[in-house]
Every structure is written in C-alpha cells, then in structure tokens.
Amino acid sequence: PHTSKWKVWSEEDVIRSLPERSGNVHKGTFGTGLLVAGSDDMPGSAALAAIGAMRMGIGKLSVFTESGARNVIATLVPEATYLKRDFSKRLNDLGQKFAGVAIGPGIEPDEQLESFIHGVLKEPLPVVLDAGALHKRAYPKRTAPVVLTPHPGEFSRMAGIPTGQIASDRLRLASAYAQEHGVIVVLKGQYTVMAFPDGSGYVNTTGNSSLAKGGSGDTLTGMLLANICTYANIKEAVANAVYIHGACADLWIRENGSATLTAHEFSRLLPKVMHQLE
Ligand code: APR
Ligand code: MG
C-alpha cells in the first residue's frame, strides 16, 4: 500500500483527539448505541461488550439479545436497557433511534442474522461488525462507515485468504480489503492495523500478550461502539478505542502477572487510563 498514508497512532494523537466532554452536556450528547450480541450459550460476550461501551463513555446503551442472556447481563450492566431479540422483526428507523450499532460478539452466524445485517447496512448509521457477524459478503455503497474487527482467523474467513498468508502481510491485505469494499478493517493481534477505505491507515503499538484470552475482543467491540457514537471523526474513534484497549492491558501487566488478565477486570482499568489521557 501507499505506506506514506500510514502512521503509528501515538499517545499524543489520542490526547489531541479525545472529544471534549465538559460543559452543558447531557446523556443525549453522547449518543445511544445498539449492541446486538450474546446468546443463551454465550451471554458473557454481550456483558463484556456492554461494559466496554459504558466505561468508554457512551450516553445510553440498548442491548438486543436472547432472553436467557438478558437475565445474566442485566445484573452485570444495570445501566443498559434490553430488547428481546427476534431477528425476523425488522428494526425500523435505526438511524433515528441510535447513533451507532455493533453486531456479532457471542452470536452464531446463520441466515437470519445475515439478513438482519443486510437490513442494518441499509440504515444511515455507523456499524461495527465483529465475531459472528464477520463473513464473506458484499457491502452496499453507504455514507455511514462500516468497521470490521477480525482477528486473523476471521479475516481469513471473510477475505478468503489462508491464515498462513496473513501474518507476514497484514498491513497490505487489510488495506486492500478496506479499499475494495469501502469499509474500515481493524485487523487485530500484536500491532493491530487499522485500514481505511481511502488507502490510509494506522498501526497501534499498545497492548500485549495478556490480551490473548477469550473476551478481550468483545470488550474492544463495546469500546468501538461507544466511540462511533461519540466522535465526529471515525478514524479517531477507531484508533482511540484500539489504543486505549491496549493501554489498559499495558497497565495491567505493570501491576499483575500477564497470564492473569480477564476481560471484565481489565476494563476496570479504563477509568485510570482515560484519566491519564484527559
Ligand atoms: N498483543 C497485543 N494485543 C493482543 C495480543 C498480543 N499478543 N493478543 C491478542 N491481542 C488483542 C487483539 O488485538 C484483540 O484486540 O486482544 C484482542 C483479542 O480479540 P479476539 O481475537 O477477537 O478475541 P475474543 O473474541 O475476545 O476471544 C476469542 O473468538 O474466534 C473466537 O472462538 C474464538 O472464543 C474465541 C474468541
Ligand atoms: Mg473476537
């Protein structure tokens, strides 16, 4: 790719681009997000994403999930509201009701989910797709951004590229996909790359191997949802979520053994990390 259009996203970049939150604001200022996540078998991923979104600063959050999952999550995230999930029902006027939507953690992909995603992509609001929502598909032309957050295995599945070829060529492959499909690709792992449809991109340097544990990606999805709802600039929204997510893990290993991180505990470090950046 045009590496001149790529840069490392630094702490100074984060500090410069954190949105102003003081003054005459109210919860509506920071948007209402819709989280489509979790299932009876995987309630935790929705909880982790919801906690990530609330901690990161979203104004209000609605979680669209299965009823079994809701009973688990509601006690963990009392700040959110809950909608009983029925993918056969179209959610109307999403663009009016919500500032952004994230879909995928803790959901098994099936045809109903796929047609739901197609419906959402027709609505004029930014969308984050992760985990069960990541597949080979065509993306419609739209003005609101689409953010895809694959780990290398998911990127392999959605791009049809063998996993073995991805590791050595992450920046170029993510950028090619982003430009071809008109989407933002957050290809996760050590040095997460963020590729934008215009050929530009950022590389993240925060985070460490303590994050290599189920659940840490779900937290990131929630943090991204918060940022797409609260930032005017989508590149800054994405880059800051990725940077801050990694920075929490970096703080974790300063005080704790790196094997011991759990996603729900490391998101408790968000207040401290954000305080240092504000
Ligand atoms: N250095 C820095 N960051 C890392 C590292 C590392 N060595 N390893 C992992 N991470 C970060 C990634 O960048 C990403 O932000 O941790 C997060 C991991 O996200 P996912 O891979 O999506 O993990 P998660 O969804 O929480 O759990 C894995 O996904 O594919 C399914 O079945 C799989 O249950 C598993 C689940
Ligand atoms: Mg994941």
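The paragraphs below set out a description of the structure included in this document.

The rules behind each value
Residues numbered from 1 in each chain as written. Chains lettered and ligands numbered in written order. Predicted model: local features only at pLDDT ≥ 70, side-chain atom pairs only at ≥ 80, totals over all residues. Heavy atoms only, no water. Near = heavy atom within 4 Å. Polar contact = N/O pair within 3.5 Å; in protein donor to acceptor, adjacent residues only side chain to side chain. Areas by Shrake-Rupley, 256 points an atom, 1.4 Å probe, with all protein chains shown as cover. 1 Å grid on protein atoms, 1.4 Å probe; cavity = no way out; pocket = protein on both sides within 12 Å on 5 of 7 lines; lining within 4 Å. Sits in = over half its atoms within 2 Å of the grid points. Helix = DSSP H or I, 4+ residues; strand = E, 2+ residues; numbered from the N terminus. Core = buried A, V, L, I, M, F, W, Y, C linked by side-chain atoms within 4.5 Å. Buried < 20%, exposed > 50% of the residue type's maximum accessible area, 1.4 Å probe, protein only. Contact = heavy atoms within 4.5 Å. Arc of directions from axis to C-beta.

Now for the site of ligand 1. Every one of the 19 residues lining ligand 1 counts as a neighbour, but H151, K188, G189, G215 and G217 are closest to it. N208 places a polar main-chain atom, nitrogen or oxygen, 3.4 Å from a nitrogen atom of ligand 1. For ligand 1, an oxygen atom lies 3.4 Å from a polar atom in the backbone of L211. Expressed as a share of its isolated accessible area of 720 Å², the protein-covered part of ligand 1 is 68%. The site holding ligand 1 turns out to be the largest pocket. A per-element tally of the shell around ligand 1 places helix 9 (residues 216-230) first, with 4 residues.

Right, let's get into the nonpolar core. Counting 56 residues, the largest nonpolar core has L35, L61, M194, L225 and I244 as its most contacted members. Elements represented by at least two residues in this core include exactly helix 2 (43-56), strand 3 (60-65), helix 3 (67-76), strand 8 (184-187), helix 9, helix 10 (234-255), helix 11 (263-266) and helix 12 (270-277). Top contributing element to this core by residue count: helix 10, with 12 residues. Core analysis: the second largest hydrophobic core is formed by 37 residues, V127, L134, A174 and L187 among them.

Along the polypeptide, F87 turns up in the loop between strand 4 (81-84) and helix 4 (94-97). Here F87 falls in the buried class, since its relative accessible area comes to 14%. Sequence-wise, F87 and N227 are 140 residues apart; in three dimensions their C-alpha atoms are separated by 25 Å. For F87, the contacting residues outside a window of four places in its chain are V36, F64, I107, Q112, L113 and F116.

When you line up the elements, D13 lands in helix 1 (residues 11-17). C-alpha of D13 to C-alpha of K141: the two residues are 128 residues apart in sequence and 30 Å apart in space. Setting aside chain neighbours within four positions, we find D13 in contact with K7 and V8. Looking at D13, its side chain comes within polar contact range of the side chain of K7, at 2.6 Å. Separated by 3.0 Å, the side chains of D13 and R16 make a polar contact.

Here the focus is helix 12. Among the residues of helix 12, those classed as buried are L270, V273, M274 and L277. Relative to the axis of helix 12, the buried residues are bounded by an arc of 95° and lie together on one face. Across from the buried face of helix 12, at angles greater than 90 degrees, the exposed residues are H275 and Q276. Those residues of helix 12 that are buried lie in contact with helix 1, helix 2, helix 9, helix 10 and helix 11.

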